[in-house]
Amino acid sequence: MADDREGAVLEEATTDPERRASYDVIAGKNVRLASALRAAQAELATARREVKRLTTPPSSYGVLLSKDPMNRVADVVHVGRRLEVSVSETVAMGSLEAGQRVKLNENLVLIAAGPCDDLGQLVQVKETMDADRVLVAVRDDEELVLRRGEALHGTHLRPGDAVLADVRAGLIYRRVVRPEVEELLLGEVPDTDYADIGGLAGQVELIRDAVEMPFLHPELYREHGLKPPKGVLLYGPPGCGKTLIAKAVATSLSKAAATRYGHAAQRSYFLNIRGPQLLNKYVGETERHIRLIFARAREKAEQGIPVIVFFDEMEALFRTRGTGTSSDVEKTVVPQLLAEIDGVESLDNVVVIGASNREDMIDPAILRPGRLDVKIRIDRPDRAGSVEILEQYLTEAVPIAAHEIERAGSLAAAVAAMRERVADRLFEVSVETEFVEVGYLDGRTETLHLRDFVSGAMLANIVDRAKKFAIKSLLTDGERGITTEHLLDAVRTEIVENQDLPSTADPDQWIRASGRKGDRVTSLRVVWRDHAAGAVGGPR
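What you see is a predicted model, and the numbers here were worked out from it, not measured in a lab.

(A) How the structure looks around the overall build of the protein chain. Counting its regular elements, the protein chain contains 16 helices and 19 strands. Within the span of the protein chain, comprising 540 residues, buried residues form 44% of the whole. In the protein chain, once contacts between residues fewer than 6 apart in sequence are set aside, the share between residues at least 24 apart is 66%. Accessible surface for the protein chain amounts to roughly 28,500 Å². Of this, 52% is attributable to carbon and sulfur atoms.

(B) Region of interest: the packing of aromatic side chains. According to the stated counting rule, one finds one aromatic pair in the structure shown. One cation-aromatic arrangement involves Arg444 over Tyr440; the distance from NZ or CZ to the ring centre is 4.5 Å.

(C) Quick look at the environment of Met213. Within the fold, Met213 resides in helix H4 (residues 201–216). Along the backbone, Met213 and Pro228 are 15 residues apart, and their C-alpha atoms lie at a distance of 8.7 Å. Leaving out residues up to four positions away in the same chain, Met213 has contacts with Arg208 and Tyr221.

(D) The sheet that holds strand E1 (residues 60–68), seen in detail. Strand order in this open sheet of five strands is E3-E2-E1-E4-E5, and the pairing throughout is antiparallel. Sheet topology places strand E3 (81–86) and strand E5 (110–113) at the edges, where each strand pairs with a single neighbour. With direction set aside, neighbouring strand axes in the sheet form an average angle of 45 degrees. As judged from the six bridges shared by strand E2 (residues 73–78) and E3, these two strands associate in the antiparallel manner.

(E) Quick peek at the nonpolar core. Within the largest apolar cluster, 35 residues are counted, with the highest numbers of intra-cluster contacts made by Leu426, Val438, Ile482, Leu487, Ile511 and Leu524. Of all the secondary structure elements, the ones that give two or more residues to this core are helix H11 (383–393), helix H13 (411–427), strand E17 (434–440), helix H14 (456–477), helix H15 (484–498), helix H16 (507–513) and strand E19 (521–526). The biggest single contributor to this core is H14, with seven residues. Discounting chain neighbours no more than four positions away, the residues touching Ile482 are Val398, Pro399, Ile400, Ala401, Glu404, Met418, Ala466, Lys467, Ala470 and Leu487. Met314, Leu317, Val333 and Leu337 belong to the second largest nonpolar core, which has 29 residues in total.

(F) Representation of the side chain of Thr484 in the model. Considering the arrangement of structural elements, one finds Thr484 in helix H15. Residues within four places of Thr484 in sequence aside, it is in contact with Glu404, Arg407, Met418 and Arg421.

(G) Geometry of unusual backbone geometry. In the Ramachandran plot, Leu108 falls in the positive-phi region, its phi being about 60 degrees despite a non-glycine side chain. Relative to the helices and strands, Leu108 resides in the loop between strand E4 (101–104) and E5. A relative accessible area of 27% means that Leu108 is categorised as partly exposed.

(H) Structural context of the sheet that holds E17. One open sheet holds the three strands; their spatial order is E18-E17-E19, and the pairing between them is antiparallel. In the strand order of this sheet, the two ends are held by strand E18 (445–449) and E19, each with one partner. Along the sheet, successive strands turn relative to each other by an average axial angle of 25 degrees, direction set aside. As judged from the five bridges shared by E17 and E18, these two strands associate in the antiparallel manner. The residue bridging Glu437 from the neighbouring strand is Thr447, located in E18.

(I) Region of interest: the confidence of the model for the protein chain. Mean pLDDT for the protein chain: 79, with 83% of residues reaching 70 or above. Counting contacts from residues 530–540, a segment whose pLDDT is below 50, to residues more than four positions away or on other chains yields 22 contacts.

Criteria and cut-off values
Residues numbered from 1 in each chain as written. Predicted model: local features only at pLDDT ≥ 70, side-chain atom pairs only at ≥ 80, totals over all residues. Heavy atoms only, no water. Helix = DSSP H or I, 4+ residues; strand = E, 2+ residues; numbered from the N terminus. Buried < 20%, exposed > 50% of the residue type's maximum accessible area, 1.4 Å probe, protein only. Contact = heavy atoms within 4.5 Å. Areas by Shrake-Rupley, 256 points an atom, 1.4 Å probe, with all protein chains shown as cover. Phe/Tyr/Trp six-rings, centres within 6.5 Å; stacked < 30°, edge-to-face > 60°. Lys NZ or Arg CZ within 6 Å of the ring centre and 35° of its normal. Pairing = 2+ DSSP bridges. Axes fitted to C-alpha atoms, helices over the stretch in contact; angles between N-to-C directions. Core = buried A, V, L, I, M, F, W, Y, C linked by side-chain atoms within 4.5 Å. pLDDT = per-residue confidence, 0-100.

Following this line, the structure appears as C-alpha coordinates:
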(Lines give C-alpha, C1' and ligand atoms only; values in the text may rest on other atoms or scores of the structure.)
Protein backbone atom coordinates (compact mmCIF):
# COMPACT_ATOMS: atom_id res chain seq x y z
CA MET A 1 0.00 0.00 0.00
CA ALA A 2 2.92 2.39 0.87
CA ASP A 3 4.54 1.78 -2.49
CA ASP A 4 1.27 2.50 -4.18
CA ARG A 5 0.95 5.80 -2.30
CA GLU A 6 4.56 6.79 -3.14
CA GLY A 7 3.96 5.95 -6.78
CA ALA A 8 0.81 8.00 -6.76
CA VAL A 9 2.59 10.98 -5.16
CA LEU A 10 5.42 10.73 -7.72
CA GLU A 11 2.99 10.50 -10.58
CA GLU A 12 1.08 13.48 -9.21
CA ALA A 13 4.38 15.43 -8.77
CA THR A 14 5.42 14.78 -12.34
CA THR A 15 2.07 15.78 -13.73
CA ASP A 16 1.56 18.80 -11.49
CA PRO A 17 3.98 21.56 -12.63
CA GLU A 18 4.18 23.26 -9.24
CA ARG A 19 4.85 20.03 -7.37
CA ARG A 20 7.37 18.94 -10.03
CA ALA A 21 9.35 22.17 -9.57
CA SER A 22 9.36 21.69 -5.78
CA TYR A 23 10.54 18.09 -6.24
CA ASP A 24 13.43 19.19 -8.48
CA VAL A 25 14.57 21.73 -5.89
CA ILE A 26 14.56 19.12 -3.13
CA ALA A 27 16.41 16.59 -5.32
CA GLY A 28 19.12 19.19 -6.13
CA LYS A 29 19.58 19.94 -2.45
CA ASN A 30 19.97 16.22 -1.74
CA VAL A 31 22.66 15.91 -4.45
CA ARG A 32 24.61 18.87 -3.08
CA LEU A 33 24.28 17.55 0.46
CA ALA A 34 25.58 14.12 -0.60
CA SER A 35 28.53 15.77 -2.40
CA ALA A 36 29.33 17.87 0.66
CA LEU A 37 29.21 14.78 2.85
CA ARG A 38 31.63 12.91 0.54
CA ALA A 39 34.03 15.91 0.53
CA ALA A 40 33.83 16.09 4.31
CA GLN A 41 34.59 12.37 4.55
CA ALA A 42 37.63 12.79 2.26
CA GLU A 43 38.91 15.74 4.26
CA LEU A 44 38.37 13.81 7.48
CA ALA A 45 40.32 10.84 6.08
CA THR A 46 43.14 13.16 5.00
CA ALA A 47 43.15 14.76 8.43
CA ARG A 48 43.28 11.36 10.08
CA ARG A 49 46.23 10.32 7.86
CA GLU A 50 48.06 13.57 8.62
CA VAL A 51 47.42 13.17 12.37
CA LYS A 52 48.69 9.60 12.13
CA ARG A 53 51.77 10.74 10.19
CA LEU A 54 52.53 13.53 12.64
CA THR A 55 52.08 11.31 15.67
CA THR A 56 54.07 8.36 14.28
CA PRO A 57 57.28 7.85 16.30
CA PRO A 58 60.38 8.94 14.38
CA SER A 59 62.41 6.41 12.39
CA SER A 60 66.19 6.41 12.44
CA TYR A 61 68.93 5.38 10.04
CA GLY A 62 72.00 3.21 10.32
CA VAL A 63 74.63 1.52 8.18
CA LEU A 64 74.39 -2.19 7.51
CA LEU A 65 77.47 -4.20 8.49
CA SER A 66 76.35 -7.80 7.98
CA LYS A 67 73.24 -9.99 7.88
CA ASP A 68 72.07 -13.40 9.13
CA PRO A 69 69.35 -14.63 6.73
CA MET A 70 68.60 -17.75 8.77
CA ASN A 71 67.55 -15.77 11.84
CA ARG A 72 66.41 -12.62 9.93
CA VAL A 73 68.70 -10.36 11.91
CA ALA A 74 71.37 -7.87 10.83
CA ASP A 75 74.29 -6.00 12.39
CA VAL A 76 74.01 -2.23 11.96
CA VAL A 77 75.82 0.83 13.25
CA HIS A 78 73.28 3.21 14.76
CA VAL A 79 74.34 6.55 16.34
CA GLY A 80 77.83 5.21 16.86
CA ARG A 81 76.73 1.91 18.43
CA ARG A 82 76.87 -1.55 16.87
CA LEU A 83 73.49 -3.26 17.22
CA GLU A 84 71.93 -6.54 16.18
CA VAL A 85 68.41 -5.77 14.95
CA SER A 86 65.51 -7.78 13.58
CA VAL A 87 64.61 -7.49 9.91
CA SER A 88 60.97 -6.87 8.94
CA GLU A 89 59.21 -9.51 6.84
CA THR A 90 58.62 -6.80 4.23
CA VAL A 91 62.39 -6.60 3.53
CA ALA A 92 64.02 -9.22 1.31
CA MET A 93 67.18 -10.48 2.99
CA GLY A 94 68.79 -11.05 -0.40
CA SER A 95 68.60 -7.33 -1.19
CA LEU A 96 70.68 -6.29 1.83
CA GLU A 97 74.36 -5.44 1.25
CA ALA A 98 77.06 -4.28 3.62
CA GLY A 99 77.45 -0.52 3.44
CA GLN A 100 73.78 0.21 2.65
CA ARG A 101 71.86 2.89 4.49
CA VAL A 102 68.98 1.18 6.35
CA LYS A 103 65.85 2.54 8.02
CA LEU A 104 64.89 1.49 11.55
CA ASN A 105 61.49 2.03 13.24
CA GLU A 106 60.94 3.11 16.85
CA ASN A 107 61.54 -0.45 17.98
CA LEU A 108 64.84 -0.54 16.05
CA VAL A 109 63.48 -3.05 13.55
CA LEU A 110 64.99 -2.81 10.06
CA ILE A 111 62.04 -1.86 7.87
CA ALA A 112 63.70 -0.58 4.65
CA ALA A 113 67.06 -0.40 2.88
CA GLY A 114 68.41 2.19 0.48
CA PRO A 115 71.57 2.64 -1.60
CA CYS A 116 75.01 3.40 -0.22
CA ASP A 117 75.51 7.03 0.70
CA ASP A 118 77.14 9.31 -1.88
CA LEU A 119 78.36 11.54 0.96
CA GLY A 120 80.89 10.77 3.64
CA GLN A 121 84.44 11.19 4.79
CA LEU A 122 87.04 11.09 2.03
CA VAL A 123 90.02 8.87 2.87
CA GLN A 124 92.97 7.64 0.81
CA VAL A 125 93.90 4.00 0.22
CA LYS A 126 97.42 3.24 1.40
CA GLU A 127 97.48 -0.54 1.06
CA THR A 128 95.14 -3.40 0.21
CA MET A 129 95.66 -5.93 2.98
CA ASP A 130 93.39 -8.71 1.67
CA ALA A 131 90.14 -9.18 -0.24
CA ASP A 132 88.13 -7.63 2.59
CA ARG A 133 90.38 -5.20 4.50
CA VAL A 134 92.04 -2.00 3.34
CA LEU A 135 94.55 0.25 5.12
CA VAL A 136 93.56 3.91 4.64
CA ALA A 137 94.93 7.28 5.69
CA VAL A 138 92.59 9.81 7.28
CA ARG A 139 93.20 13.26 8.76
CA ASP A 140 96.61 14.12 10.17
CA ASP A 141 98.15 10.97 8.62
CA GLU A 142 96.17 8.73 10.97
CA GLU A 143 95.88 5.21 9.59
CA LEU A 144 92.90 2.88 9.96
CA VAL A 145 92.01 -0.59 8.76
CA LEU A 146 88.50 -0.59 7.25
CA ARG A 147 86.37 -3.22 5.60
CA ARG A 148 85.05 -3.03 2.05
CA GLY A 149 81.35 -2.55 1.50
CA GLU A 150 79.85 -5.09 -0.88
CA ALA A 151 79.75 -2.45 -3.63
CA LEU A 152 83.58 -2.48 -3.59
CA HIS A 153 84.06 -6.24 -3.48
CA GLY A 154 86.04 -7.21 -6.55
CA THR A 155 87.02 -3.59 -7.26
CA HIS A 156 90.77 -3.12 -7.77
CA LEU A 157 91.83 -0.43 -5.30
CA ARG A 158 95.31 1.04 -5.72
CA PRO A 159 97.41 3.09 -3.32
CA GLY A 160 96.36 6.70 -3.63
CA ASP A 161 92.74 5.99 -4.60
CA ALA A 162 90.18 8.16 -2.84
CA VAL A 163 87.19 6.38 -1.27
CA LEU A 164 84.19 7.41 0.83
CA ALA A 165 84.20 5.90 4.30
CA ASP A 166 82.05 5.66 7.37
CA VAL A 167 84.76 5.52 9.99
CA ARG A 168 82.35 4.71 12.82
CA ALA A 169 81.02 1.77 10.86
CA GLY A 170 84.51 0.75 9.80
CA LEU A 171 83.50 0.60 6.12
CA ILE A 172 84.53 2.03 2.79
CA TYR A 173 81.69 1.96 0.30
CA ARG A 174 82.37 4.08 -2.81
CA ARG A 175 85.41 4.98 -4.95
CA VAL A 176 85.71 8.66 -5.83
CA VAL A 177 87.41 9.71 -9.06
CA ARG A 178 89.51 12.83 -8.50
CA PRO A 179 90.55 14.49 -11.80
CA GLU A 180 93.83 15.89 -10.52
CA VAL A 181 94.79 12.41 -9.31
CA GLU A 182 93.64 10.56 -12.42
CA GLU A 183 95.96 12.81 -14.47
CA LEU A 184 98.82 11.01 -12.74
CA LEU A 185 97.80 7.58 -13.96
CA LEU A 186 100.49 5.80 -15.91
CA GLY A 187 100.30 6.35 -19.63
CA GLU A 188 101.47 3.85 -22.18
CA VAL A 189 104.61 4.71 -24.03
CA PRO A 190 104.36 6.96 -27.10
CA ASP A 191 105.65 5.61 -30.38
CA THR A 192 109.07 7.28 -30.33
CA ASP A 193 112.20 5.51 -31.51
CA TYR A 194 115.91 6.23 -31.32
CA ALA A 195 115.81 6.55 -35.10
CA ASP A 196 113.66 9.67 -34.62
CA ILE A 197 116.54 11.41 -32.83
CA GLY A 198 119.23 13.12 -34.85
CA GLY A 199 122.64 14.38 -33.80
CA LEU A 200 122.73 12.70 -30.38
CA ALA A 201 124.26 9.29 -31.10
CA GLY A 202 126.78 9.55 -28.25
CA GLN A 203 124.18 10.54 -25.66
CA VAL A 204 121.80 7.83 -26.85
CA GLU A 205 124.52 5.22 -26.36
CA LEU A 206 125.21 6.49 -22.83
CA ILE A 207 121.60 6.32 -21.73
CA ARG A 208 121.09 2.91 -23.32
CA ASP A 209 124.07 1.61 -21.36
CA ALA A 210 122.66 3.13 -18.16
CA VAL A 211 119.03 2.03 -18.49
CA GLU A 212 118.63 -0.84 -20.93
CA MET A 213 121.68 -2.95 -20.12
CA PRO A 214 120.66 -3.59 -16.46
CA PHE A 215 117.15 -4.52 -17.58
CA LEU A 216 118.26 -6.85 -20.36
CA HIS A 217 121.10 -8.50 -18.43
CA PRO A 218 120.24 -8.40 -14.70
CA GLU A 219 122.10 -11.67 -14.06
CA LEU A 220 125.38 -10.11 -15.26
CA TYR A 221 124.89 -7.14 -12.95
CA ARG A 222 124.29 -9.45 -10.03
CA GLU A 223 127.33 -11.56 -10.98
CA HIS A 224 129.54 -8.46 -10.99
CA GLY A 225 127.99 -7.02 -7.84
CA LEU A 226 126.57 -3.99 -9.64
CA LYS A 227 123.33 -2.23 -8.85
CA PRO A 228 121.29 -0.73 -11.69
CA PRO A 229 121.15 3.08 -11.56
CA LYS A 230 118.03 4.44 -9.93
CA GLY A 231 117.96 7.56 -12.01
CA VAL A 232 119.39 9.56 -14.89
CA LEU A 233 119.65 13.33 -15.27
CA LEU A 234 119.49 14.77 -18.78
CA TYR A 235 120.64 18.36 -18.67
CA GLY A 236 121.52 21.05 -21.17
CA PRO A 237 120.04 23.94 -23.13
CA PRO A 238 116.34 23.93 -24.02
CA GLY A 239 114.99 22.39 -27.20
CA CYS A 240 117.82 19.90 -27.69
CA GLY A 241 115.98 16.58 -27.32
CA LYS A 242 115.88 15.67 -23.61
CA THR A 243 112.20 14.77 -23.60
CA LEU A 244 112.53 12.96 -26.94
CA ILE A 245 115.34 10.79 -25.55
CA ALA A 246 113.32 9.89 -22.46
CA LYS A 247 110.38 8.78 -24.63
CA ALA A 248 112.68 6.77 -26.87
CA VAL A 249 114.13 5.01 -23.80
CA ALA A 250 110.64 3.97 -22.72
CA THR A 251 109.82 2.70 -26.22
CA SER A 252 113.05 0.73 -26.39
CA LEU A 253 112.41 -0.79 -22.95
CA SER A 254 108.96 -1.83 -24.11
CA LYS A 255 110.44 -3.72 -27.05
CA ALA A 256 113.13 -5.22 -24.81
CA ALA A 257 110.46 -6.40 -22.36
CA ALA A 258 108.52 -8.07 -25.16
CA THR A 259 111.70 -9.88 -26.26
CA ARG A 260 112.67 -10.86 -22.74
CA TYR A 261 109.27 -12.15 -21.65
CA GLY A 262 108.47 -13.68 -24.99
CA HIS A 263 105.11 -12.17 -25.77
CA ALA A 264 104.12 -9.01 -27.59
CA ALA A 265 101.60 -7.88 -24.99
CA GLN A 266 104.40 -6.91 -22.63
CA ARG A 267 104.86 -3.15 -22.59
CA SER A 268 106.41 -0.41 -20.54
CA TYR A 269 104.87 2.68 -19.01
CA PHE A 270 105.93 6.29 -19.29
CA LEU A 271 104.85 8.75 -16.61
CA ASN A 272 105.58 12.26 -17.90
CA ILE A 273 105.48 14.82 -15.06
CA ARG A 274 106.27 18.47 -15.57
CA GLY A 275 107.65 20.20 -12.49
CA PRO A 276 105.07 23.03 -12.33
CA GLN A 277 102.27 20.49 -12.88
CA LEU A 278 102.81 19.08 -9.39
CA LEU A 279 103.05 22.34 -7.48
CA ASN A 280 100.00 22.93 -5.31
CA LYS A 281 99.22 25.84 -3.03
CA TYR A 282 97.83 23.53 -0.35
CA VAL A 283 100.30 22.21 2.19
CA GLY A 284 101.08 18.54 1.67
CA GLU A 285 99.31 18.15 -1.69
CA THR A 286 102.50 18.19 -3.78
CA GLU A 287 104.05 15.58 -1.50
CA ARG A 288 100.89 13.47 -1.78
CA HIS A 289 101.11 13.56 -5.57
CA ILE A 290 104.75 12.47 -5.49
CA ARG A 291 103.82 9.53 -3.23
CA LEU A 292 101.04 8.62 -5.64
CA ILE A 293 103.35 8.74 -8.67
CA PHE A 294 105.75 6.24 -7.15
CA ALA A 295 102.95 4.07 -5.80
CA ARG A 296 101.63 3.72 -9.36
CA ALA A 297 105.14 2.98 -10.62
CA ARG A 298 105.76 0.27 -8.00
CA GLU A 299 102.43 -1.35 -8.76
CA LYS A 300 103.41 -1.92 -12.39
CA ALA A 301 107.07 -2.69 -11.66
CA GLU A 302 106.12 -5.54 -9.32
CA GLN A 303 104.45 -7.18 -12.32
CA GLY A 304 107.78 -7.13 -14.17
CA ILE A 305 106.78 -4.17 -16.37
CA PRO A 306 109.46 -1.46 -16.82
CA VAL A 307 108.34 2.02 -15.78
CA ILE A 308 109.95 5.34 -16.67
CA VAL A 309 109.13 8.19 -14.26
CA PHE A 310 110.13 11.31 -16.19
CA PHE A 311 110.35 14.67 -14.41
CA ASP A 312 110.56 17.49 -16.95
CA GLU A 313 111.68 20.96 -15.86
CA MET A 314 113.02 19.36 -12.71
CA GLU A 315 114.51 22.58 -11.31
CA ALA A 316 111.02 24.07 -10.97
CA LEU A 317 110.10 21.55 -8.28
CA PHE A 318 113.27 20.19 -6.72
CA ARG A 319 115.44 23.25 -6.43
CA THR A 320 118.10 23.62 -3.75
CA ARG A 321 116.49 23.91 -0.33
CA GLY A 322 116.51 27.40 1.12
CA THR A 323 116.56 29.18 -2.25
CA GLY A 324 112.80 29.76 -2.56
CA THR A 325 111.73 33.37 -2.90
CA SER A 326 107.98 33.25 -2.20
CA SER A 327 107.83 29.96 -0.26
CA ASP A 328 110.02 27.17 1.01
CA VAL A 329 108.00 24.34 -0.54
CA GLU A 330 111.24 22.61 -1.58
CA LYS A 331 112.02 21.96 2.10
CA THR A 332 109.34 19.28 2.17
CA VAL A 333 109.07 18.32 -1.52
CA VAL A 334 112.76 17.46 -1.94
CA PRO A 335 112.87 15.09 1.08
CA GLN A 336 109.72 13.40 -0.21
CA LEU A 337 111.34 12.72 -3.59
CA LEU A 338 114.52 11.47 -1.89
CA ALA A 339 112.49 9.05 0.21
CA GLU A 340 110.65 7.73 -2.86
CA ILE A 341 113.83 7.30 -4.92
CA ASP A 342 115.45 5.44 -2.02
CA GLY A 343 112.33 3.29 -1.83
CA VAL A 344 112.70 1.90 -5.37
CA GLU A 345 116.00 0.24 -4.47
CA SER A 346 114.43 -3.20 -4.32
CA LEU A 347 112.81 -2.85 -7.74
CA ASP A 348 114.73 -3.44 -10.96
CA ASN A 349 112.02 -2.05 -13.22
CA VAL A 350 111.62 1.60 -12.15
CA VAL A 351 113.90 4.25 -13.60
CA VAL A 352 113.67 7.94 -12.73
CA ILE A 353 114.74 10.28 -15.53
CA GLY A 354 114.99 14.00 -14.85
CA ALA A 355 115.41 16.76 -17.41
CA SER A 356 116.56 20.28 -16.65
CA ASN A 357 117.87 23.40 -18.35
CA ARG A 358 119.32 24.57 -15.01
CA GLU A 359 120.92 21.59 -13.31
CA ASP A 360 122.79 24.01 -11.05
CA MET A 361 119.49 24.87 -9.34
CA ILE A 362 118.57 21.26 -8.44
CA ASP A 363 119.16 20.24 -4.82
CA PRO A 364 122.56 18.47 -4.57
CA ALA A 365 121.08 15.63 -2.49
CA ILE A 366 119.08 14.52 -5.53
CA LEU A 367 122.11 14.51 -7.79
CA ARG A 368 124.45 12.54 -5.54
CA PRO A 369 125.46 8.96 -6.45
CA GLY A 370 122.84 6.44 -5.38
CA ARG A 371 119.96 8.59 -6.60
CA LEU A 372 120.34 10.21 -10.01
CA ASP A 373 123.56 8.29 -10.59
CA VAL A 374 124.04 9.00 -14.30
CA LYS A 375 124.29 12.55 -15.61
CA ILE A 376 124.27 13.10 -19.38
CA ARG A 377 124.66 16.50 -20.98
CA ILE A 378 122.46 17.01 -24.04
CA ASP A 379 124.29 19.81 -25.79
CA ARG A 380 123.44 21.92 -28.80
CA PRO A 381 124.04 20.11 -32.10
CA ASP A 382 127.11 20.85 -34.22
CA ARG A 383 126.87 21.24 -37.97
CA ALA A 384 126.83 17.50 -38.70
CA GLY A 385 124.29 16.93 -35.96
CA SER A 386 122.09 19.70 -37.35
CA VAL A 387 122.05 18.01 -40.75
CA GLU A 388 121.00 14.75 -39.05
CA ILE A 389 118.17 16.58 -37.27
CA LEU A 390 117.05 18.22 -40.52
CA GLU A 391 116.84 14.73 -42.03
CA GLN A 392 113.97 14.05 -39.59
CA TYR A 393 111.93 17.06 -40.77
CA LEU A 394 113.05 17.95 -44.31
CA THR A 395 112.43 14.66 -46.07
CA GLU A 396 111.69 13.52 -49.59
CA ALA A 397 108.03 13.27 -48.63
CA VAL A 398 107.85 17.07 -48.37
CA PRO A 399 106.85 18.86 -51.63
CA ILE A 400 110.01 20.25 -53.26
CA ALA A 401 109.97 22.86 -56.02
CA ALA A 402 110.47 21.42 -59.50
CA HIS A 403 113.37 23.75 -60.36
CA GLU A 404 115.24 22.63 -57.21
CA ILE A 405 114.96 18.99 -58.32
CA GLU A 406 115.95 19.85 -61.88
CA ARG A 407 119.01 21.79 -60.74
CA ALA A 408 120.18 19.01 -58.36
CA GLY A 409 119.43 16.17 -60.75
CA SER A 410 117.15 14.17 -58.42
CA LEU A 411 114.75 14.61 -55.53
CA ALA A 412 117.14 13.06 -53.02
CA ALA A 413 120.00 15.29 -54.16
CA ALA A 414 117.80 18.39 -54.00
CA VAL A 415 116.68 17.65 -50.43
CA ALA A 416 120.26 16.91 -49.30
CA ALA A 417 121.50 20.16 -50.88
CA MET A 418 118.80 22.17 -49.15
CA ARG A 419 119.70 20.69 -45.77
CA GLU A 420 123.35 21.56 -46.35
CA ARG A 421 122.43 25.10 -47.32
CA VAL A 422 120.48 25.66 -44.11
CA ALA A 423 123.36 24.25 -42.05
CA ASP A 424 125.82 26.50 -43.90
CA ARG A 425 123.71 29.53 -43.13
CA LEU A 426 123.37 28.70 -39.43
CA PHE A 427 127.00 27.74 -38.80
CA GLU A 428 128.91 30.26 -40.88
CA VAL A 429 131.00 32.71 -38.86
CA SER A 430 130.74 36.21 -40.24
CA VAL A 431 129.50 39.67 -39.38
CA GLU A 432 126.09 38.68 -40.70
CA THR A 433 125.77 35.84 -38.17
CA GLU A 434 126.82 37.77 -35.07
CA PHE A 435 123.95 37.58 -32.58
CA VAL A 436 124.83 38.64 -29.02
CA GLU A 437 127.78 40.46 -27.49
CA VAL A 438 128.47 39.16 -23.98
CA GLY A 439 130.29 41.14 -21.29
CA TYR A 440 131.98 39.23 -18.47
CA LEU A 441 132.75 40.26 -14.90
CA ASP A 442 136.49 40.45 -15.61
CA GLY A 443 135.92 42.99 -18.40
CA ARG A 444 136.24 40.61 -21.35
CA THR A 445 133.70 40.63 -24.16
CA GLU A 446 132.73 37.82 -26.51
CA THR A 447 130.52 37.75 -29.57
CA LEU A 448 128.23 34.74 -29.91
CA HIS A 449 127.04 33.72 -33.37
CA LEU A 450 123.88 32.02 -34.55
CA ARG A 451 125.58 28.61 -34.31
CA ASP A 452 125.83 29.08 -30.51
CA PHE A 453 122.02 29.02 -30.21
CA VAL A 454 121.03 26.27 -32.66
CA SER A 455 118.74 23.59 -31.23
CA GLY A 456 116.63 20.75 -32.51
CA ALA A 457 113.48 22.73 -31.76
CA MET A 458 114.80 25.67 -33.80
CA LEU A 459 115.57 23.43 -36.79
CA ALA A 460 112.11 21.88 -36.67
CA ASN A 461 110.57 25.34 -36.51
CA ILE A 462 112.63 26.56 -39.48
CA VAL A 463 111.34 23.70 -41.65
CA ASP A 464 107.76 24.39 -40.52
CA ARG A 465 108.14 28.09 -41.41
CA ALA A 466 109.49 27.16 -44.85
CA LYS A 467 106.46 24.91 -45.43
CA LYS A 468 104.15 27.82 -44.60
CA PHE A 469 106.06 30.10 -46.97
CA ALA A 470 105.70 27.43 -49.68
CA ILE A 471 101.93 27.29 -49.14
CA LYS A 472 101.77 31.09 -49.38
CA SER A 473 103.75 31.03 -52.65
CA LEU A 474 101.43 28.38 -54.08
CA LEU A 475 98.36 30.48 -53.24
CA THR A 476 99.78 33.72 -54.59
CA ASP A 477 102.11 32.72 -57.48
CA GLY A 478 101.02 29.18 -58.26
CA GLU A 479 104.53 27.82 -57.61
CA ARG A 480 104.40 24.46 -55.79
CA GLY A 481 107.01 23.14 -53.39
CA ILE A 482 109.66 24.33 -50.93
CA THR A 483 112.68 26.20 -52.27
CA THR A 484 116.06 27.04 -50.80
CA GLU A 485 114.89 30.65 -50.57
CA HIS A 486 111.94 29.57 -48.42
CA LEU A 487 114.33 27.88 -45.99
CA LEU A 488 116.75 30.82 -45.80
CA ASP A 489 113.86 33.23 -45.28
CA ALA A 490 112.64 30.92 -42.51
CA VAL A 491 116.07 31.14 -40.85
CA ARG A 492 116.01 34.95 -40.97
CA THR A 493 112.43 35.13 -39.67
CA GLU A 494 113.22 32.76 -36.81
CA ILE A 495 116.12 34.93 -35.68
CA VAL A 496 114.27 38.23 -36.10
CA GLU A 497 111.49 36.95 -33.83
CA ASN A 498 114.00 35.91 -31.16
CA GLN A 499 116.43 38.84 -31.28
CA ASP A 500 114.65 40.69 -28.44
CA LEU A 501 114.54 37.67 -26.10
CA PRO A 502 117.99 37.96 -24.47
CA SER A 503 117.35 39.36 -21.00
CA THR A 504 119.34 42.46 -20.19
CA ALA A 505 117.69 42.63 -16.75
CA ASP A 506 119.52 39.51 -15.56
CA PRO A 507 122.01 38.58 -18.28
CA ASP A 508 123.79 35.94 -16.19
CA GLN A 509 120.59 33.97 -15.58
CA TRP A 510 119.57 34.19 -19.24
CA ILE A 511 122.92 33.03 -20.56
CA ARG A 512 122.95 30.07 -18.14
CA ALA A 513 119.40 29.08 -19.08
CA SER A 514 120.45 29.11 -22.73
CA GLY A 515 123.12 26.52 -21.96
CA ARG A 516 126.31 28.58 -21.72
CA LYS A 517 128.65 27.91 -18.81
CA GLY A 518 131.67 29.74 -17.54
CA ASP A 519 132.47 33.12 -16.00
CA ARG A 520 129.86 35.48 -14.59
CA VAL A 521 128.07 37.53 -17.26
CA THR A 522 127.30 41.17 -16.50
CA SER A 523 125.88 42.49 -19.79
CA LEU A 524 124.25 41.42 -23.03
CA ARG A 525 123.82 43.37 -26.25
CA VAL A 526 122.01 42.06 -29.32
CA VAL A 527 124.17 42.84 -32.36
CA TRP A 528 122.48 40.71 -35.04
CA ARG A 529 121.23 42.56 -38.06
CA ASP A 530 119.42 41.14 -41.06
CA HIS A 531 121.74 42.16 -43.87
CA ALA A 532 119.36 40.77 -46.47
CA ALA A 533 117.04 43.75 -46.79
CA GLY A 534 113.34 43.04 -46.81
CA ALA A 535 113.66 39.36 -45.90
CA VAL A 536 111.89 39.58 -42.57
CA GLY A 537 108.41 38.88 -43.85
CA GLY A 538 109.28 35.74 -45.77
CA PRO A 539 109.38 35.22 -49.51
CA ARG A 540 108.41 38.07 -51.77
